[in-house]
Amino acid sequence: MSHLKKTLLPVLIITLGSAVYALGFVWCYAPNGIAFGGITGVAQIVNFLIPALPIGVTVIVLNIPLFVLGWRLIGGRLLVTSLYAMALSSVFIDVLTPLYDWPPMEPLLACIFGGVLLGLSLGLVFQQGATTGGTDLLARLLKLKLAWLPMGKLLMGIDLAVIVAVAAAFRALDAALYGLVALYISTIVMDGVLYGLDTAKVAYIISDRNKEISAAIVKDLDRGVTILHGQGAYTGADKDVLMCAFKQREIAAIKAAVKDIDPAAFVIVCDAHEVLGEGFRDYKKDDL
């Protein structure tokens, strides 16, 4: 039962992400002529020049060489899940397009909601170790060499060129500008889904009552504390610094515990991009 759940849940999430991807495209991008990045954007150009060629089918054809490359560099599992996500999103696009007469909306609203839907869908798909093909797959390949770059930033760089090409095909500068706005929003949402939900903070605490403070954090708040040995630059005196990683929701309790013991304590709270280990997120192979 547990194995079945582990197998089916990623498939269901990828299916949901593919449906949201298609909805964002047919509802927000296509009716408003907003430049769309990636292979779908290229397919948008092809469909504009040759209306008889459906966007979804064109996406599948253009993806074939990229998937061959992905098979060689990445391997089977990611490629199979990516094929599923790409095929499903393409089918959803071709099914949803004639299903309803999608009317144009205020372009800025289309950018905002289109970017949110696209970023959400790609974040869900990437979380399950898949891509929707095209430049998403290309970004995943680049991630192997540029592991320090967030996926959203990689995609944004690749999609800029496609957006310019789409704008040129439709001969509309507005399409490119709106496309850039939507792309930026989708990048933020995607990185939020992939990284931002792992909200964590790190506190550095300097106090003359370190033992009491660390005991309170460990016993009362059930958080680990690391003692860093430092030295005051002005006085030259040795000074221990407490370092504690904790969840966003625990920030008020941490500050209250410190200030209750030592109102004069010096506290620095920083954002933590990712925290791996006990009490936080486990590391997974090929993690994004």
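Everything here concerns the structure above.
If you're wondering where the values come from, they're calculated on a predicted model, not measured in any experiment.

Peer 1: Looking at this structure, I do not really get the packing of helix α2 (residues 38-49) against helix α7 (residues 151-170). What am I missing?
Peer 2: Packed helices, taken two at a time, are described by the angle their axes make and the gap between the axes. Between α2 and α7, the least distance of the axes is 9 Å, while the angle of their chain directions is 15°. In terms of orientation, α2 lies roughly parallel with respect to α7. Crossing handedness for the pair α2 and α7: left-handed. Along its contact with α2, which presents G38, G41, V42, Q44, I45 and F48, the element α7 presents D159, V162, A165, V166, A169 and F170. Class assignment for the residues of the contact of α2 with α7 results in eight nonpolar, three polar and one charged.

Peer 1: Any chance you could explain the environment of F246 here in plain terms?
Peer 2: Tracing the sequence through the fold places F246 in strand β3 (residues 238-247). Overall, the relative accessible area of 1% leaves F246 in the buried class. Sequence-wise, F246 and V202 are 44 residues apart; in three dimensions their C-alpha atoms are separated by 6.4 Å.

Peer 1: Please clarify how the pairing of strand β2 (residues 226-231) should be interpreted in this entry.
Peer 2: Along a regular strand, successive side chains alternate from one face of the sheet to the other. Across six bridges, β2 lies against β3 in antiparallel orientation. Paired with Q231 across the strands is D238, a residue of β3. Where β2 hands over to β3, the hairpin turn is made up of six residues, of which G236 adopts a positive phi near 80°.

Peer 1: Whenever I open this one, empty space enclosed by the protein confuses me. Can you help?
Peer 2: Once rolled over the atoms, a probe with the size of a water molecule shows which space is left empty. If you walk through the whole model with that rule in mind, you get one cavity of 30 Å³ or more. Here the largest cavity is characterised by a volume of approximately 220 Å³. Listed by contribution, the elements that provide at least two residues to the lining of the largest cavity are α1 (2-29), α2, α3 (55-73), α5 (107-127), α6 (134-145), α7 and α8 (173-196).

Peer 1: Explanation requested: the nonpolar core in the structure shown.
Peer 2: In globular proteins that are soluble, nonpolar side chains generally tend to be buried together. Core analysis: the biggest nonpolar cluster contains 37 residues, and F25, Y29, L122, F126, M151 and M190 have the highest contact counts within it. Those elements that provide at least two residues to this core are α1, α2, α3, α4 (76-99), α5, α6, α7 and α8. Sorting elements by how many residues they give to this core places α1 first, with seven residues. Every residue in contact with Y29, bar those within four places of it in the chain, is listed here: G24, I34, A35, F36, G114, G115, L118 and A182.

Peer 1: Please explain the pattern of salt bridges as it appears in this structure.
Peer 2: Close approach of charged atoms lets side chains of opposite charge pair. For the structure shown, the criterion picks out four salt bridges. Note that D271 is salt-bridged to K201, the shortest N-O span being 2.2 Å. Note that D271 is positioned in strand β4 (residues 266-272) and K201 in strand β1 (residues 200-206), a separation of 70 residues in sequence. For K201, a relative accessible area of 14% gives the class buried. When the shortest N-O distance is used, the salt bridge between D208 and K239 registers 2.8 Å. One end of the pair, D208, is in the loop between β1 and α9 (210-220); the other, K239, is in strand β3, with 31 residues separating them in the sequence. K239 gets classed as partly exposed once you look at its relative accessible area, which sits at 31%.

Peer 1: Explain the sheet that holds β4 to me, please; I cannot follow it from the model alone.
Peer 2: Paired through backbone hydrogen bonds, the strands of a sheet run either parallel or antiparallel to each other. Read from one edge of the open sheet, four strands run β2-β3-β1-β4, paired in antiparallel fashion. Each end of this open sheet is capped by a strand with a single partner; those strands are β2 and β4. With direction set aside, neighbouring strand axes in the sheet form an average angle of 25°. Relative to β3, β1 is paired through seven bridges, and the arrangement is antiparallel. For K201, the partnering residue across the bridge sits in β3 and is F246. Most of the contacts of helix α10 (residues 251-261) go to β3, to which it runs at about 150°, and overall it touches β1, β3 and β4.

The rules we used
Residues numbered from 1 in each chain as written. Predicted model: local features only at pLDDT ≥ 70, side-chain atom pairs only at ≥ 80, totals over all residues. Heavy atoms only, no water. Axes fitted to C-alpha atoms, helices over the stretch in contact; angles between N-to-C directions. Helix = DSSP H or I, 4+ residues; strand = E, 2+ residues; numbered from the N terminus. Parallel < 35°, antiparallel > 145°, perpendicular 65-115°, else oblique. Left-handed = near helix turned anticlockwise from the far one by under 90°. Contact = heavy atoms within 4.5 Å. Nonpolar A, V, L, I, M, F, W, Y, C, P; charged D, E, K, R; others polar. Buried < 20%, exposed > 50% of the residue type's maximum accessible area, 1.4 Å probe, protein only. Pairing = 2+ DSSP bridges. 1 Å grid on protein atoms, 1.4 Å probe; cavity = no way out; pocket = protein on both sides within 12 Å on 5 of 7 lines; lining within 4 Å. Points joined across faces, edges and corners; volume = space filled by probe spheres on them. Core = buried A, V, L, I, M, F, W, Y, C linked by side-chain atoms within 4.5 Å. Salt bridge = Lys/Arg side-chain N within 4 Å of Asp/Glu carboxyl O.

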